[in-house]
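Breakdown of the fold
The lines below spell out each chain.
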Amino acid sequence: MWLFERKFGFFIGKIVDFFLAPIPKFLFTKNMKKRYYDNMRKSQPQLDDLFYGKKSGFSIGLAHHNFGAFYSIYPCIFSFVIEGLYIKFNGEMNTFVILVIFAIPVGICYIPAYKAVFSNDKYLQYFKLFEKEDEHWHKKWKRRTIAFIFGAIASLFLGVIIIAVIVTS
């Protein structure tokens, strides 16, 4: 997910550069252009670290949240089943009950995954291992990540279908 976030960030950066590049080129004076390009050259490593840094960059933060979001969708199937049974037998739902029904399975399933990947910056160790592997290995894990994401989305739809079947039966 982090590699995708980096590639997507580079892509968006190129689009932004395409639209903003004419501003200094055509609107700045010669001295302003020189200062602008010198400052851009000097600040580029800091910007790269801010957006794409492995330790605290924007892309790792976004990958962290996406991992949490997609991983948390899987236990939602259990939540949908419990919610459907609760609605079927009690007839109405309280907002607090909905939150508890979703929070408990998601929390129980997400906490071990979070500890395995993000506690004590373990993902940095994983990055070191990933960098040593060959291109075939990276393609295999790219396919697994895509399957993980599509599986999460499919499980969300499956959960909605399950709750609809339980409530209407």
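In what follows, the accompanying structure is described. Just so we're clear, the structure is a prediction, and the values are computed from it rather than from any experiment.

1. Considerations on a nonpolar patch on the surface
A contiguous nonpolar patch, built from F8, F11, I12, I15, V16, F18, F19, L20, I23, F26 and L27 and spanning about 1100 Å² of accessible area, is present on the exposed surface. Mapped by element, the contributors of at least two residues to the nonpolar patch are α1 (2-20) and α2 (22-27). Considering every element that reaches the nonpolar patch, the biggest residue donor is α1, with 8 residues. Structurally, F11 is set in helix α1.

2. Examining the packing of aromatic side chains
One pass over the structure, following the stated rule, counts 5 aromatic pairs. Between W137 and W141, the ring centres sit 5.9 Å apart and the planes meet at 45°, which makes this aromatic pair tilted. Of the two residues, W137 and W141 are both situated in helix α8 (residues 135-168); the distance of 4 residues between them amounts to about one turn of the helix. A network of ring pairs unites the aromatic residues F28, Y36 and Y37 as a single cluster. The ring centre of W141 lies 4.6 Å from the NZ or CZ of R144, which sits over that ring.

3. Quick look at the pattern of salt bridges
What the rule picks out here adds up to 2 salt bridges. K34 is paired through a salt bridge with D38; the nearest N and O atoms lie 3.3 Å apart. Of this pair, K34 and D38 are both found in helix α3 (residues 30-52), 4 residues apart, which corresponds to roughly one turn of the helix. Relative accessible area serves as the criterion here: at 54%, K34 is assigned to the exposed category. Residue D38 is classed as partly exposed on the basis of its relative accessible area of 25%. The closest approach of N and O atoms between D38 and R41, which form a salt bridge, is 3.3 Å. Here R41 and D38 lie together in helix α3, a separation of 3 residues that amounts to about one turn. Owing to a relative accessible area of 56%, R41 belongs among the exposed residues under this scheme. Put simply, K34, D38 and R41 are held in one network by salt bridges that share partners.

Cut-offs and rules
- Residue indices follow the written sequence of each chain, beginning from 1 at its first position.
- Local features in a predicted model are, by the rule used here, given only for residues with pLDDT of at least 70; side-chain atom pairs are given and counted only at 80 or more, and totals for whole chains, interfaces and linings are based on all residues.
- Processing note: side-chain calculations cover all non-hydrogen atoms of the structure and skip hydrogens and water entirely.
- Each patch is built from salt-bridge-free residues with over 30% relative accessible area, joining like charges within 9 Å and nonpolar side chains (Val, Leu, Ile, Met, Phe, Trp, Tyr) within 5 Å.
- Reported accessibility uses the Shrake-Rupley method at a 1.4 Å probe radius. Residues are deemed covered only where the shown protein chains occlude them.
- Here, a salt bridge means any side-chain nitrogen of Lys or Arg that lies within 4 Å of a carboxyl oxygen of Asp or Glu.
- Numbering goes from the N terminus for both helices and strands, where a helix is a DSSP run of H or I of at least four residues and a strand is a run of E of at least two.
- Here the aromatic set is Phe, Tyr and Trp, taking the six-membered ring for Trp, and pairing holds for ring centres within 6.5 Å; pairs whose planes are under 30 degrees apart are stacked, those over 60 apart are edge-to-face, and all others are tilted.
- A ring is considered to have a charge above it if a Lys NZ or an Arg CZ atom is located within 6 Å of its centre and within 35 degrees of its normal.
- Whether a residue is buried, partly exposed or exposed follows from its accessible area with a 1.4 Å probe, protein chains only, as a fraction of its type maximum: under 20%, in between, or over 50%, in that order.

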